[in-house]
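Read off the chains here:
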Amino acid sequence: MKIIDGKETAQQIKNEIADEVAAMLNSREQGPHLVAVLVGEDPASQTYVRNKEKACAQVGIISSVYKYPESISEKELLEVVDFINNDDEIDGLIVQLPLPKHISEKKIIEKINPAKDVDGFHPLNVGRMALNLPTYLPATPYGILQLIERYNIETEGKSCVVLGRSHIVGSPISILLSRKAYPGNCTVTVCHSRTKNLKQIAKSADILIVAMGQPQFVTEDMVKKDAVVIDVGIHRVPSDKTKSGFRLVGDVLFDEVSKKAGYITPVPGGVGPMTIVSLLMNTLKAAKKEIYF
Ligand code: GUN
């Protein structure tokens, strides 16, 4: 069994991005510039945005956070997005989700200039992804592809089972791994809350991607010997072994499944560290005008 070390891979990629940003400064006055729009006081969103700022600083990407109170109207937020869309000094834009209930996330996302949509959430970019055209891939699926690629994991002709069909992980990773590409060329099955025989289907997977949001759901009996297991879950559960009284676990029962898997991502330190790096990669692409030019 091999551990897929997301922390180490993320650091390698950060070093590569830092080198590219430094090289870019030979021909441009300013490094890539990412703006995060943060509405309200949601503690998790505040932490995510802070971590994104920290990661940007580590690689030389300029980051700004535009903060607005929970009371901002939808119309005002649409105007903010439009303003950023038209600011030539800003390469990438993310609107941290979730938004307050009185604001339509769909409308806000559709307002983002697709050329600056480094989250890859705009329907145009989702369509480009499905058509295998150059685009910004959403953070978690992009991070998973990077791990597969950097560990030289074979995907062609493999049976891949995805547990979960969310718009940000399950659905896009299922599309990406079925594309005629590397990583890709898999035969993909998507399982969800209405799937019958989920356990048997999971066991048929050469590559099992777990993104269903249930702590330690996948047990040893659901995994084929030597399968590649990618765990997207992250949950805080009570523990009497840590000072904090909590520990982090994924959607996979790691201690059991790791004995049977060929490759496995741990939690923490697997997929998690890769997601922010994906955002950095997309911001660099935006600054280089690699996708929309
Ligand atoms: N909220 C949780 N994950 C994400 C993400 O990847 N992007 C944005 N914009 N909001 C999020």
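Analysis parameters
Residues numbered from 1 in each chain as written. Predicted model: local features only at pLDDT ≥ 70, side-chain atom pairs only at ≥ 80, totals over all residues. Heavy atoms only, no water. Pairing = 2+ DSSP bridges. Helix = DSSP H or I, 4+ residues; strand = E, 2+ residues; numbered from the N terminus. 1 Å grid on protein atoms, 1.4 Å probe; cavity = no way out; pocket = protein on both sides within 12 Å on 5 of 7 lines; lining within 4 Å. Points joined across faces, edges and corners; volume = space filled by probe spheres on them. Nonpolar A, V, L, I, M, F, W, Y, C, P; charged D, E, K, R; others polar. Near = heavy atom within 4 Å. Polar contact = N/O pair within 3.5 Å; in protein donor to acceptor, adjacent residues only side chain to side chain. Areas by Shrake-Rupley, 256 points an atom, 1.4 Å probe, with all protein chains shown as cover. pLDDT = per-residue confidence, 0-100.

1. Observations regarding the sheet that holds strand S1 (residues 2–3)
Here's step 1: Here we have six strands laid out as an open sheet, ordered S1-S11-S8-S7-S5-S6, and parallel in their pairing. Only two strands of the sheet have a single partner each, and these edge strands are S1 and strand S6 (187–191).
Here's step 2: The pairing of S1 with strand S11 (residues 263–264) spans two bridges and is parallel. Directly across from Ile-3, in S11, lies its bridge partner Ile-264.

2. Comments concerning the layout of surface pockets
Here's step 1: The space that makes up the second largest pocket amounts to roughly 170 Å³.
Here's step 2: Every residue lining the second largest pocket is counted, 13 residues in all, and those nearest its centre are Asp-91, Ala-115, Lys-116, Ala-286 and Lys-289.
Here's step 3: The residue makeup of the lining of the second largest pocket, split by class, is five nonpolar, two polar and six charged.

3. Observations regarding the site of the ligand
Here's step 1: Neighbouring residues of the ligand: Val-95, Gln-96, Leu-97, Asp-119 and Phe-121.
Here's step 2: Gln-96 places a polar side-chain atom, nitrogen or oxygen, 3.2 Å from a nitrogen atom of the ligand.
Here's step 3: One of the side-chain N or O atoms of Asp-119 is found 2.6 Å from a nitrogen atom in the ligand.
Here's step 4: In isolation the ligand has 280 Å² of accessible area, and contact with the protein removes 77% of it.

4. Concerning the confidence of the model for the protein
Here's step 1: Here the protein shows a mean pLDDT of 97. Residues at 70 or above account for 100%.
Here's step 2: Here strand S9 (residues 235–238) is the element of the protein with the lowest mean pLDDT, 95, and strand S8 (residues 228–231) is the one with the highest, 99.

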